[in-house]
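Observations on the three-dimensional arrangement
One letter stands for each residue in the lines below.
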Amino acid sequence: MKPERFASLWGTLAPIGRGAHGYHRFAWSPPELACRDWFAEQAAERGMPVETDRNGNLWAWLGDPGAGDAVVAGSHFDSVPGGGGYDGPLGIVSAFLALDLLRERGLTPARPVGVAAFAEEEGSRFGIACLGSRLMCGALDPERAAALRDPDGVSLAEASGLDPAGFGPDPQRLAGIGAFVELHVEQGRALTAPVGVASAIWPHGRWRLEFAGEGNHAGTTLMADRHDPMLTFAYTVLAANKEARLRGGHATIGRVAAVPNATNAIPASVTGWLDARAADQSTLDGLVEAVTVRATERAGRDGTSVAVTAESVSPVTGFDAALRDRLAALLGGVPVLPTGAGHDAGVLATRVPTAMLFVRNPTGVSHAPGEYATDEDCAAGVGALADVLAELACR
Ligand code: HGY
Ligand code: MN
Ligand code: MN
Ligand code: MN
């Protein structure tokens, strides 16, 4: 595919939700709804019926998915606050363009082929990553999902317009999928070629940290009399960074809220979210344990308390080895590499044969405005995805 052809379709989606400081495409917010409209238009242009499943995921089909053994390609539209534009949308634009290439090559799929857009992959609105794919795959309690509310108190059902009684596993849909392939911008700088294949997703997760102390006056309370949860919180941020470095893991504490959040009052509580990841499960477990122990010890000294709650934990995802090796060989021995980023593919991989393709990101930056991929590499990604779809669906 010529880079300018990729750029032409990319240019119809990329401006949606782009702000001065990155993208703000939260699930079922106006920009993400506009992306869903874009999805329906692209599908209609290709004569592909569209459906929204019970968990809010979008599907467009070539052929009858009821025939089973479908090959599906896709990703997500939503972003982190101030995110980059390629994380997610690149996989969906590339899927539609790859289908165009199949048609131009005169290839007619012998199996149903789908394009999917999964809901709330980043978890930016409701706090749980891969919400739509987890619900579909039975990896998230539907009642827990129905109880979720965004920071404005809006429920998942209110935001999506879905029936909360419908949230949950979709075994019939999964049974009809023979393979899922997600193309994604690389979120790092390890990929030295335009396209690569994922070997695994690091185990990772999110833990909610709740620090409780004593709210008091910032100006009159003696230092010796304070039980300041912000102090314990600050110490825990440093501890997480240190423990991660010691283990070669990754740890960040974000999404912070102090109550009250005032300049002249010591907060009564501080909440933050630990995002921790590591190349293997025991290292991740050790990292989270160390952070928890250090925070608890410090709380004892500060006269505060800390509660650590696992929000969503994803074990290591080893992609289907046969499929992974088959695609790497098909694409001429492209690099095969792990990723520390979570993906819907990591959830689907627990239920159907799944693979991931990466497109080089020269900046290595992601979840920030600097996220980037050249039109040339993106066009190479479309070509690779078309080769994969031809191999899996047209033979
Ligand atoms: O958070 C992640 O790893 C992914 O980008 N959603
Ligand atoms: Mn992301
Ligand atoms: Mn993503
Ligand atoms: Mn006062």
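So, how was this worked out
- Residues numbered from 1 in each chain as written.
- Chains lettered and ligands numbered in written order.
- Predicted model: local features only at pLDDT ≥ 70, side-chain atom pairs only at ≥ 80, totals over all residues.
- Heavy atoms only, no water.
- Domains from an automatic or database assignment.
- Buried area = accessible area lost by both parts, 1.4 Å probe.
- Salt bridge = Lys/Arg side-chain N within 4 Å of Asp/Glu carboxyl O.
- Nonpolar A, V, L, I, M, F, W, Y, C, P; charged D, E, K, R; others polar.
- Donors = N, O, S within 2.8 Å, 3.2 Å for Na, K, Ca; no water.
- Helix = DSSP H or I, 4+ residues; strand = E, 2+ residues; numbered from the N terminus.
- Buried < 20%, exposed > 50% of the residue type's maximum accessible area, 1.4 Å probe, protein only.
- Expected span 1.5 Å × (residues − 1).
- Arc of directions from axis to C-beta.
- Contact = heavy atoms within 4.5 Å.
- Pairing = 2+ DSSP bridges.
- Axes fitted to C-alpha atoms, helices over the stretch in contact; angles between N-to-C directions.
- Near = heavy atom within 4 Å.
- Polar contact = N/O pair within 3.5 Å; in protein donor to acceptor, adjacent residues only side chain to side chain.
- Areas by Shrake-Rupley, 256 points an atom, 1.4 Å probe, with all protein chains shown as cover.
- UniProt positions renumbered as here; feature names shortened; annotations may be inferred.
- Parallel < 35°, antiparallel > 145°, perpendicular 65-115°, else oblique.
- Left-handed = near helix turned anticlockwise from the far one by under 90°.

Let us look at the domain arrangement of the chain. If you check the domain split of the chain, you get domain 1 (3-202 + 316-393) and domain 2 (204-314). On a C-alpha basis, the centroid separation for the pair domain 1 and domain 2 is 33 Å. Each partner contributes to the roughly 1,100 Å² buried at the junction of domain 1 and domain 2, and carbon and sulfur atoms together form 41% of this total. Looking at the side of domain 1 facing domain 2, the largest losses of area belong to Gly-127, Arg-134 and Trp-202, adding up to 51% of the total buried there. Connecting domain 1 to domain 2 are one salt bridge. Between Arg-144 and Glu-311 there is a salt bridge, and its shortest N-O distance comes to 3.1 Å. Here the side of domain 1 that touches domain 2 is built from residues that sort into six nonpolar, four polar and four charged.

Before going further, it helps to examine the coordination of the manganese ion (ligand 2). Around the manganese ion (ligand 2), the donor atoms from the protein are Asp-87 (OD), Glu-122 (OE) and His-367 (NE2), and they sit 2.0 to 2.1 Å away. All donors to the manganese ion (ligand 2) come from one chain, and their sequence spacing reads D-x34-E-x244-H. Here the manganese ion (ligand 2) and the manganese ion (ligand 3) are spaced 3.5 Å apart, with Asp-87 acting as a shared donor. Linking Asp-87 in the loop between strand E5 (70-76) and helix H3 (89-104) with His-367 in the loop between strand E17 (354-359) and helix H12 (375-393), this pair joins segments that are 280 residues apart in sequence. Given a relative accessible area of 4%, Asp-87 falls into the buried group. Using a relative accessible area of 36% as the deciding quantity, one classes His-367 as partly exposed.

Bringing helix H2 (residues 30-45) into the picture now. Taking 1.5 Å of rise per residue, the 16 residues of H2 would be expected to cover 22 Å, and the 23 Å separating its terminal C-alpha atoms lies within 8% of that figure. Residues of H2 that are buried: Glu-32, Cys-35, Arg-36, Trp-38, Phe-39, Gln-42 and Ala-43. What you see down the axis of H2 is that its buried residues fit within an arc of 155°, all on one side. The exposed residues of H2 that point more than 90 degrees off its buried face are Pro-30, Ala-44 and Glu-45. Buried residues along H2 sit against helix H1 (3-13), strand E3 (50-52), strand E4 (58-62), H3 and strand E6 (113-118).

This brings us to the sheet that holds strand E13 (residues 269-277). Taking strand neighbours across the sheet as the criterion, the four strands line up as E11-E13-E9-E14 in an open arrangement whose pairing is antiparallel. The open sheet has two edge strands, strand E11 (250-259) and strand E14 (305-314), and neither has a second partner. Taken pair by pair, the neighbouring strands of this sheet meet at an average axis angle of 20°, ignoring direction. Pairing between strand E9 (residues 204-212) and E13: nine bridges, direction antiparallel. Of the residues in E13, the one forming a bridge with Leu-209 is Gly-272. The strands touched by helix H8 (residues 229-247) are E9, E11 and E13; relative to E11, the strand with the most contacts, the crossing angle is about 170°.

With that out of the way, let us pick up the pairing of strand E8 (residues 195-201). A regular strand places its side chains on the two faces of the sheet in alternate fashion. Extensive coverage of E8 is indicated by the burial of seven of its seven residues. Here three bridges tie E8 to E17, and the two strands are oriented antiparallel to one another. The residue bridging Val-195 from the neighbouring strand is Val-359, located in E17. Of the pairings in the sheet, the one linking E8 to strand E16 (residues 336-339) comprises three bridges and is parallel in character.

Moving on, we come to the site of ligand 1. Neighbouring ligand 1 are Asp-87, Glu-121, Glu-122, Gln-187, Arg-277, Ala-341, Gly-342 and His-367. Within the side chain of Glu-121, one N or O atom sits 2.9 Å away from a nitrogen atom of ligand 1. Within the contact set of ligand 1, an oxygen atom lies 2.5 Å away from a side-chain nitrogen or oxygen of Arg-277. Protein contact buries 94% of the 210 Å² of open area that ligand 1 shows by itself.

Mapped onto this structure's residue numbering, the UniProt feature "binding site: Zn(2+) 1" (unreviewed entry) falls at His-76, Asp-87 and His-184. Spatial clustering of the annotated residues is evident: they stretch over 109 residues in sequence, but the largest pairwise C-alpha distance comes to 9.7 Å. Within the secondary structure layout, His-76 lies in strand E5. If we ignore the near neighbours within four places in the chain, the residues touching His-76 are Asp-87, Gly-88, Pro-89, Ile-92, Phe-118, Glu-121, Glu-122, Glu-182, His-184 and Asp-344.

Time to look at the packing of H1 against H12. Where H1 contacts H12, the two axes come as close as 8 Å, and the packing angle between them is 90°. Between H1 and H12, the angle is such that the two are roughly perpendicular. For the pair H1 and H12, contact is made by Pro-3, Phe-6 and Ala-7 and by Asp-375, Glu-376, Cys-378, Ala-379 and Val-382, respectively. Broken down by class, the residue content of the contact of H1 with H12 amounts to six nonpolar, no polar and two charged.

Next up on the list: the packing of H3 against H12. Packing of H3 against H12 brings their axes to within 8 Å, and their N-to-C directions diverge by 60°. Classified by the interaxial angle, the pair formed by H3 and H12 is oblique. Once H3 is placed against H12, the crossing between them reads as right-handed. Of H12, the residues touching H3 (which contributes Leu-90, Ser-94, Ala-95, Leu-97, Ala-98, Leu-99, Leu-101 and Leu-102) are Cys-378, Val-382, Gly-383, Leu-385, Ala-386, Leu-389 and Ala-390. Within the contact of H3 with H12, the residues separate by chemical class into 13 nonpolar, two polar and no charged.

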